[in-house]
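# Topology and contacts: notes
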Amino acid sequence: MRFEGKVAVVTGAANGIGLEAAQAFAREGAKVLLVDRDQAGEARAAELRAEGLKARFQQADVTKSDEVRAYVEAAVAAWGGIHCFFNNAGIEGKVAAIHEQDEADFDRVIAVNVRGVFLGLKYVLPVMIRQGGGAVVNTASTAALVGSAGISPYTASKHAVLGLTRSVSGEVARQGVRVNALCPGPTDTRMIHSLEDQATARGANDAAERYRSAIPLGRYATVEEVVAMVLFLCSDAATAITGGQFQVDGGRTACPGGSA
Ligand code: NAD
């Protein structure tokens, strides 16, 4: 029960890593606001309430500043503050070489993955500063650390998330707010299967097998394994940690190409 009495806000909470994080925060005592553009988040929050946990859902598109302001205000109105913010919503975009990428797809990836993270920081941080502290985890990716041929808009967006994290961590450290970046490698959610399907549709043989064989541990991470890092970074065990990047990637960035 590391988060008893705390308020956690999670974006991209209707599915995948965000959903697992919202559930884990709630089961460890936090009051949790699930934020997503996908209305399915309402049912996920209701399931948590049925377990006797404290959870609400706020539908929002993280690219729209009025909707971001609204989810921040909803958390503060319901529970008085925000102690943990998992700034996580993201999209993968299209798998294609850069000269085959559409401008509209590029703009959409940057809007969700960069502008969405920026707006979350812009509106959540004043709440944390006012209350004297808090912990933020921005979801980047191993694509923030190395190139990823075929998803260059996504890769650029995740490098930007790391840049935002590093800069902002220095801006708010003295006000007691910690800001870190999570760098998952391929993780077993809808997103990685979309990338596999897109690569297969472009004629790649055994896309899933190729992705897995590039990981020394030989498999995708589970959402539970990724979320364990998020909760650690938001917990009182991590009070000296800010501005960092934390890979949960089965060794992929340390030793690309898999095991011997
Ligand atoms: P997912 O597709 O299962 O979940 C993403 C969630 O974000 C969805 O619920 C979706 O509705 C929501 N979302 C998308 N755009 C939104 C918007 N504009 N406003 C509000 N909500 C929006 O994917 P996931 O794997 O759980 O991804 C979560 C994060 O982890 C993303 O930032 C992703 O880039 C990152 N990530 C995933 C992997 C992976 O392999 N799955 C690897 C590295 C990083």
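Up top you'll find the structure we're talking about.
Rules used in this analysis
Here the residue numbering is sequential within each chain, running from 1 through the sequence in written order. Only residues with pLDDT of at least 70 are given local features in this predicted model, and only at 80 or more are side-chain atom pairs given and counted; all residues enter the totals for whole chains, interfaces and linings. Burial in this document is a count-based property: other C-beta atoms within 10 Å of a residue's C-beta are tallied, and the residue is buried at 20 or more, exposed at 12 or fewer, or partly exposed in between, with C-beta positions derived from the backbone. Helix and strand assignments follow DSSP, with helices taken as H or I runs no shorter than four residues and strands as E runs no shorter than two, numbered in order from the N terminus. For the handedness criterion, the strands are oriented away from the viewer, and a crossover whose path from the first strand over the helix to the second runs clockwise is classed as right-handed. A pair of strands is considered paired only if DSSP assigns at least 2 bridges between the two. Only the C-beta atom, placed from the backbone, is used; a residue is near a molecule or strand if that atom lies within 6 Å of it. Residue polarity is assigned by list, with Asp, Glu, Lys and Arg as charged and Ala, Val, Leu, Ile, Met, Phe, Trp, Tyr, Cys and Pro as nonpolar; anything else, Gly included, falls into the polar class. Here, residue contact means that the backbone-derived C-beta atoms of the two residues sit within 7 Å.

### Here we look at the pairing of strand 2 (residues 31–36)
- With six of its six residues buried, strand 2 lies for the most part within the structure.
- Each parallel crossover has a hand, and the one from strand 1 (residues 7–11) via helix 1 (residues 16–27) to strand 2 is right-handed.
- When strand 2 meets strand 3 (residues 55–59), the two strands line up parallel, connected through five bridges. Bridging across to strand 3, Asp36 finds its partner in Gln59.
- With helix 2 (residues 40–50) bridging strand 2 and the parallel strand 3, this β-α-β connection has right-handed handedness.

### Quick notes on the site of the ligand
- Among the 29 residues in the neighbourhood of the ligand, the closest are listed as Gly12, Asn15, Gly16, Gly90 and Thr189.
- For the shell around the ligand, the secondary-structure elements that each account for two or more residues are helix 1, helix 4 (103–131) and helix 6 (190–201).
- Looking at side-chain class alone, the shell around the ligand contains eleven nonpolar, 13 polar and five charged residues.

### Description of the environment of Val114
- The residue Val114 is located in helix 4 in this model.
- On a C-alpha basis, the gap between Val114 and Tyr154 in space is 9.8 Å, while along the polypeptide they are 40 residues apart.
- With near-sequence residues (within four places) excluded, Val114 lies in contact with Ser157, Ala160 and Val161.

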